[in-house]
Amino acid sequence: MRNEMFRGIWNVPFITNCYLVKMSALRTSNAKAVTYTKDGLDSDMAFCASLRDLGIFMHVSNEMDFGHLVNPETYDISRTHPDMYQLFDNKMEWTTRYLHEDYLSSFDEKKKPNMPCPDVYWFPLMSKQFCVEWIDIMEAFGQWSDGSNSDKRLESGYEAVPTRDIHMSQVGLDRHWLHILKEFVRPLQEMVFTGYYHNPPVSVMNFVVRYRPDEQPSLRPHHDSSTYTINLALNTPNVDYEGGGCRFIRYNCSVRDTKRGWLLMHPGRLTHYHEGLLVTKGTRYIMVSFVDP
Ligand SMILES: O=C(O)CCC(=O)C(=O)O
Ligand SMILES: [Fe+2]
């Protein structure tokens, strides 16, 4: 019943926390005996006992979805977009809200995967709402790195190709992001890079990059320290910014028309030397992971 294998209405001896009352049941004269107090019983027990004594029936229904009650132990209203942090407490709603509506279509056997450049794959992953809230969370946190080579967040303290970025560990979303990698990204990877299996994917570098003309407008050619990299577009070219995109130098092939919520997946080294193209106006945001360094 709780897992919705059955839908229906059940007559039950006890209800608690939250209920709807048909007022006419309580407007009868004997309903005056309904009480929340009875020796030795807590208030819910006392209430239900008095309803039973009066022959007033209680029911539980799962015929309709009424939404959910948040768990106040884990729902942290001090966070920007606390629902984003509810992945482990409220998985079903989280997935409905934040996974891209076309995510599953990538697994359609009749469909050929999108490959905008050689061995660069392109999949819908996260919803528009996810992208909007993810950017909000980063901007509310606001502590973008300074783009220099020294980076205290890394074990080595050194970043060879620095970006202006925020790491997921800084905003308490690293566990959530690793779960996304394991549950949603890994199955896509297994489909296109066949025979490579690594579960769970390992990733220590998970970050949002911000490109702006007056801050960091582009990223010089480099390899990533990854087996494969994912690069998720969080906003939209020619709407939120001009220019931008990712160029794969060996193939002289660029992806400029990136789509919000879609990820690019490409090998990190050797063949996929790449660069971040110049943003000439506005702000471009991407979420990047170096998977299996
Ligand atoms: O701007 C891009 O799309 C490329 C980003 C990138 O290569 C990186 O962050 O390592
Ligand atoms: Fe890169």
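It should be emphasised that the depicted structure is a prediction, and the values quoted were computed from it without experimental measurement.

A.B. asks: How would you explain empty space enclosed by the protein if you had to name every residue and give the values?
C.D. replies: Tallied over the full model, the rule gives one cavity of 30 Å³ or more. As a volume, the largest cavity reaches approximately 50 Å³. Around the largest cavity, the lining residues are Ser145, Asp146, Gly147, Ser148, Ser150, Asp151, Arg153, Glu159, Pro162, Thr163 and Asp165. Its residues assigned to classes, the lining of the largest cavity shows one nonpolar, five polar and five charged.

A.B. asks: Tell me about the state of the cysteines, and name the residues and values.
C.D. replies: Taken as a whole, this structure holds one disulfide when the rule is applied. A disulfide-free cysteine, Cys18 has its sulfur positioned 13 Å from the sulfur of Cys48, the nearest such atom. With no disulfide partner, Cys131 has as its closest neighbouring cysteine sulfur the one in Cys246, 17 Å distant.

A.B. asks: An account of the sheet that holds strand β11 (residues 253–255) is needed here, citing residue identities and associated values.
C.D. replies: As summarised here, the arrangement of the four strands in space is β7-β13-β10-β11, forming an open sheet in which the pairing is antiparallel. The open sheet has two free edges, formed respectively by β7 (219–222) and β11, since each of these has just one partner strand. Strand-to-strand twist in this sheet, taken as the mean axis angle between neighbours without regard to direction, amounts to 15°. Across three bridges, strand β10 (residues 246–248) lies against strand β13 (residues 274–276) in antiparallel orientation. Each bridged residue has a counterpart across the sheet, and for Cys246 the counterpart in β13 is Gly276.

A.B. asks: Outline the coordination of the iron ion (ligand 2), listing residues and values.
C.D. replies: For the iron ion (ligand 2), every protein donor is listed as His222 (NE2), Asp224 (OD) and His274 (NE2), and the spread of their distances is 2.1 Å. Going along the chain, you hit the donors of the iron ion (ligand 2) in the pattern H-x1-D-x49-H. Here Asp224 is found in the loop between β7 and β8 (228–233), whereas its partner His274 is found in strand β13, with 50 residues between them in sequence. Exposure class is identical for Asp224 and His274. Each is buried.

A.B. asks: How would you explain a nonpolar patch on the surface if you had to name every residue and give the values?
C.D. replies: The grouping of Phe14, Leu41 and Met45 at the surface amounts to a nonpolar patch, some 250 Å² of accessible area in total. Structurally, Met45 is set in helix α2 (residues 43–53).

A.B. asks: A description of α2 should follow, citing residues and the corresponding values.
C.D. replies: Three or more residues of α2 are buried, namely Ala46, Phe47, Cys48, Ala49, Ser50 and Leu51. Of the surrounding elements, those touching the buried residues of α2 are α1 (23–26) and β2 (58–61). The distance from a side-chain oxygen at the start of α2 to the backbone nitrogen of Asp44 is 3.1 Å, and the residue carrying that oxygen is Asp42. In the segment just after α2, Gly55 is the residue with positive phi, at about 75°.

A.B. asks: Mind laying out the UniProt feature "domain: Fe2OG dioxygenase" (unreviewed entry) in the chain, listing which residues take part and the relevant values?
C.D. replies: When the UniProt feature table is mapped to this numbering, "domain: Fe2OG dioxygenase" (unreviewed entry) covers residues 200–293. Spanning residues 200–293, this segment combines 0% helix with 50% strand, and its end C-alpha atoms are found 13 Å apart.

A.B. asks: Can you break down the packing of helix α3 (residues 91–98) against helix α4 (residues 128–141) residue by residue, with the values?
C.D. replies: Running from N to C, α3 and α4 cross one another at 95°; their axes reach a closest spacing of 6 Å. Relative to α4, the element α3 is oriented roughly perpendicular. Contact with α3, carried on its side by Trp94, Arg97 and Tyr98, involves Gln129, Phe130 and Glu133 of α4 and no other residues of that element.

Definitions and limits used
- Residues numbered from 1 in each chain as written.
- Chains lettered and ligands numbered in written order.
- Predicted model: local features only at pLDDT ≥ 70, side-chain atom pairs only at ≥ 80, totals over all residues.
- Heavy atoms only, no water.
- 1 Å grid on protein atoms, 1.4 Å probe; cavity = no way out; pocket = protein on both sides within 12 Å on 5 of 7 lines; lining within 4 Å.
- Points joined across faces, edges and corners; volume = space filled by probe spheres on them.
- Nonpolar A, V, L, I, M, F, W, Y, C, P; charged D, E, K, R; others polar.
- Disulfide = S-S within 2.5 Å.
- Pairing = 2+ DSSP bridges.
- Helix = DSSP H or I, 4+ residues; strand = E, 2+ residues; numbered from the N terminus.
- Axes fitted to C-alpha atoms, helices over the stretch in contact; angles between N-to-C directions.
- Donors = N, O, S within 2.8 Å, 3.2 Å for Na, K, Ca; no water.
- Buried < 20%, exposed > 50% of the residue type's maximum accessible area, 1.4 Å probe, protein only.
- Patch = residues over 30% accessible without salt bridge, like charges linked within 9 Å, V, L, I, M, F, W, Y side chains within 5 Å.
- Areas by Shrake-Rupley, 256 points an atom, 1.4 Å probe, with all protein chains shown as cover.
- Salt bridge = Lys/Arg side-chain N within 4 Å of Asp/Glu carboxyl O.
- Contact = heavy atoms within 4.5 Å.
- Polar contact = N/O pair within 3.5 Å; in protein donor to acceptor, adjacent residues only side chain to side chain.
- UniProt positions renumbered as here; feature names shortened; annotations may be inferred.
- Parallel < 35°, antiparallel > 145°, perpendicular 65-115°, else oblique.

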